[in-house]
Amino acid sequence: RGGETRVGVERMFGLMDRFLKSDPSSLQKDILDHVEYTVARSRFSFDDFEAYQALAHSVRDRLIERWHDTQLHFKKKDPKRIYFLSMEFLMGRSLSNSAINLGIRDQYADALKELGFEFEVLAEQEGDAALGNGGLARLSACQMDSLATMDYPAWGYGLRYQYGLFRQVILDGYQHEQPDYWLNFGNPWEIERVHVTYPVKFYGTVEDENFNGGKRKVWLPGETVEAVAYDNPIPGHGTRNTITLRLWAAKPSDQIDMESYNTGDYINAVVNRQRAETISSVLFPDDRSYQGKELRLKQQYFFVSASLQDIIRRFKDSHSNFDDFPEKVALQLNDTHPSLAIAEVMRVLVDEEHLGWNRAWDIVCKIFSFTTHTVLPEGLEKVPVDLLESLLPRHLQIIYDINFDYIEELKKRIGLDYDRLSRMSIVEDGAIKSIRMANLAIVCSHTVNGVSRVHSELLKTRVFKDFYELWPHKFDYKTNGVTQRRWIVVSNPSLSALISKWLGTEAWIRDVDLLAGLQEQAANADLHEEWRMVRKVNKMRLAEYIEAMSGVKVSVSAMFDVQIKRIHEYKRQLLNILGIVHRYDCIKNMEKSDRTKVVPRVCIIGGKAAPGYEIARKIIKLCNAVAEKINNDPDVGDLLKLVFIPDYNVSVAELVIPGADLSQHISTAGHEASGTGSMKFLMNGCLLLATEDGSTVEIIEEIGKDNMFLFGAKMHEVPALREKGPTLKVPLQFARVVRYVM
Ligand code: 4GP
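On a predicted model such as this, the values are computed, not experimentally measured, just so you know.

### A look at the site of the ligand
Right, so step 1: For the ligand, the set of nearby residues contains 13 residues, the closest of which are R288, H373, N480, E672 and G675.
Right, so step 2: The backbone of G135 places a nitrogen or oxygen atom 3.4 Å from an oxygen atom of the ligand.
Right, so step 3: Between an oxygen atom of the ligand and a main-chain N or O atom of L136, the distance comes to 2.9 Å.
Right, so step 4: In the complex, 91% of the free accessible area of the ligand, which totals 400 Å², lies under the protein chains.
Right, so step 5: Residue composition of the shell around the ligand, by class: five nonpolar, six polar and two charged.
Right, so step 6: Here the shell around the ligand spans two domains, since at least three of its residues come from each of domain 1 (78-93 + 128-477) and domain 2 (554-741).

### Remarks on a nonpolar patch on the surface
Right, so step 1: Residues Y163, Y181 and V282 make up a contiguous nonpolar surface patch of roughly 220 Å² in combined accessible area.
Right, so step 2: Within the secondary structure layout, V282 lies in the loop between α9 (266-274) and α10 (294-318).

### Comments concerning the packing of aromatic side chains
Aromatic ring pairs are reported here in terms of the distance separating the ring centres and the angle at which the planes meet.
Right, so step 1: This structure, assessed with the given rule, holds 18 aromatic pairs.
Right, so step 2: Judged by centre distance (5.6 Å) and plane angle (90 degrees), the ring pair of Y468 and F475 falls under edge-to-face.
Right, so step 3: Classification of Y468 as partly exposed rests on a relative accessible area of 27%.
Right, so step 4: Accessibility expressed as a relative area gives 10% for F475, which makes it buried.
Right, so step 5: Aromatic ring contacts, followed pair by pair, group Y83, W155, Y157, Y198 and W248 into a single cluster.
Right, so step 6: The cationic tip of R105 hangs over the ring face of F119; the distance from NZ or CZ to the ring centre is 4.5 Å.
Right, so step 7: Positioned above the aromatic ring of F166, the side-chain terminus of K608 is 5.4 Å from the ring centre.

### Some thoughts on helix α17 (residues 437-444)
Right, so step 1: Of all the eight residues making up α17, eight are buried; the element is thus mostly covered by neighbouring parts of the structure.
Right, so step 2: Considered for burial, the residues of α17 that qualify are M437, A438, N439, L440, A441, I442, V443 and C444.

### What about the sheet that holds strand β14 (residues 382-384)?
Right, so step 1: With antiparallel pairing, the three strands of this open sheet are ordered in space as β14-β16-β15. Since the sheet does not close on itself, it has two edges, and those belong to β14 and β15 (427-428), each with one partner.
Right, so step 2: Where β15 meets strand β16 (residues 434-436), two bridges bridge the pair, whose relative direction is antiparallel. Bridge pairing links V427 to I435 in β16.

### What to know about the packing of α10 against helix α12 (residues 340-352)
Right, so step 1: Viewed as axis vectors pointing N to C, α10 and α12 meet at an angle of 45 degrees, and their least axial separation amounts to 9 Å. Considering the angle they form, α10 stands oblique to α12. Like other packed secondary-structure pairs, α10 and α12 cross with a definite hand, here right-handed. Residues L297, Q300, Y301, V304, S305, L308 and I312 of α10 form the contact with α12, whose participating residues are L340, A341, E344, V345, R347 and V348.
Right, so step 2: Looking at the contact of α10 with α12 residue by residue, the classes come out as nine nonpolar, two polar and two charged.

Scoring rules and cut-offs
- Residues numbered from 1 in each chain as written.
- Predicted model: local features only at pLDDT ≥ 70, side-chain atom pairs only at ≥ 80, totals over all residues.
- Heavy atoms only, no water.
- Near = heavy atom within 4 Å.
- Polar contact = N/O pair within 3.5 Å; in protein donor to acceptor, adjacent residues only side chain to side chain.
- Areas by Shrake-Rupley, 256 points an atom, 1.4 Å probe, with all protein chains shown as cover.
- Nonpolar A, V, L, I, M, F, W, Y, C, P; charged D, E, K, R; others polar.
- Domains from an automatic or database assignment.
- Patch = residues over 30% accessible without salt bridge, like charges linked within 9 Å, V, L, I, M, F, W, Y side chains within 5 Å.
- Salt bridge = Lys/Arg side-chain N within 4 Å of Asp/Glu carboxyl O.
- Helix = DSSP H or I, 4+ residues; strand = E, 2+ residues; numbered from the N terminus.
- Phe/Tyr/Trp six-rings, centres within 6.5 Å; stacked < 30°, edge-to-face > 60°.
- Buried < 20%, exposed > 50% of the residue type's maximum accessible area, 1.4 Å probe, protein only.
- Lys NZ or Arg CZ within 6 Å of the ring centre and 35° of its normal.
- Pairing = 2+ DSSP bridges.
- Axes fitted to C-alpha atoms, helices over the stretch in contact; angles between N-to-C directions.
- Parallel < 35°, antiparallel > 145°, perpendicular 65-115°, else oblique.
- Left-handed = near helix turned anticlockwise from the far one by under 90°.
- Contact = heavy atoms within 4.5 Å.

Structure, rendered in structure tokens:
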């Protein structure tokens, strides 16, 4: 039989084309095969969406080949792996990005042309994967792309929400939220791994059990839910490295509640089982105000527990004990959301693997690092003890034990300074006793990262001052970045071609520093002219979109002045709108002859407001009301327009950014941890109007003050201004808004 098997394997390899071919006729055959066998349409009759599906599956086949090779390679090498744990990933669309990173986008475009299809048109058929809220989530997506491109053995772990971030619909100027059931039409970019499943347990009690002559704790959970893996291969550019973003979906466990079945309540028993799926059903859209919600905590533990079971299983496949665990495993906590992972690793090592507490603690202290994305102390998560005790009773005990040891150690270091001890404790005593997740993460991580230099300074001097004084060596920062693959090559193909032409290489697509080579051509009039043409085409594309979405006709010779990001008071869209009202007011009061000196301007604002954030919702309404007034005033005409672009998401950003002339990043100084939008605009040759905040401080050092419009109060001036309160100017401007809008 052995001989037969070998023959069988050889036959199989013989039949396998080692790598799928990428010449036009192989690609065409491939696409048409997918039309027929995957999409199950006749190859003589299929529409754009079906063509997109077939195309996506054809690209996915090629991804899978590289993905398998990557897994095999790293399995053999057994390197230290990076595990990036994040509740949110804002991936956007995958088709263009994947085809470009595989290096076969143009071949596909040619192959499709002969079949009568346009690559770009099919790419438009894809919906966004919007499994995140804002900057933090988009950063996770950029990081996955870069980890793959830079050949890291990295894994991303997160949740496969059935409903992504809500769709924003504007009715009568107000934001309305609609569910984003993004999986409605299938998702060719994921691979369901029905065999990669783990039980995740909740509730129950903790009992003492006799063990080796002593006692040990045993958790007797009350509910089990199954986590099923969905793998999203992430290809690097210019490499075969294709890493995995593994997202977990909740399914009812196979363990049957015999009691309900036996009592004949079959329907209710099935309905109760089905409830398990709600854990991964919806992304919380509240960006930072979801304190104390049980479902949120369940989501966090669900993805943390499944991910760690997977990570530990992978480690144990090639190791017989935990000695090498810290040399093989790095766990990166993306904000505090996954910090239950700390208690979970302790629980698994102590309760299940029977390591001593001190040995387990030693391992934990070497494997975790933590990145925080906020500057606001009130933005840091707290979990009420009552909630944790009911949902994860053993984890609460472990956190208490960690805290006990830590506070004892702290007393030795700082003495009995009770104020400070209580500030630094992981457990907050108060009306609602809670666990401070950031304190847990800091105590147990070897590194605490900020996302820009000023952010790191703020962490050290304000938000985590006590901790910095204790452990200065833990504090570090990595200024955020964005990937030029998504934000130039995918979103602005004409600029990408121009850059490659003028640099004489495409190497900048892997190494962004090479863009500096363009400096040598900075004064070249031909380059300017070509760049201007690229911008013009992108503006035309954007103008068409604006007209389709809002009915407003805008002139492409006007300056496009853009502010797109989540709506927040600190990001100050309100200030932008007030500025627009002021500009309108000036134009109205101007002599006709002076109007020729005004640069015509199209102001574009886009962003979603958290559903429970009333002021942010009102800002959207105000923007639409001001737009209504200005856009319908024939006296002002093309001199000023205001457009609110609905349903801002990654794909909308890909369209808007290449067409912008000026972009606004005007957060109150000291509030934006980093900001990444500015980098995307800069890459596309757009001017910045920005406050000295977050990463802008470092951007200024790179590009120089003279190459941007620096705006507003500096960070050190803000407290005094707040103290002083509003000046008279503000109410006056409000009065003008009211006059024109109402
Ligand atoms: C954001 C920060 O507000 C932004 O400044 C930063 O660039 C981004 O994270 C990535 O680090 N924070 C969030 C959040 O999105 O949910 O806290």
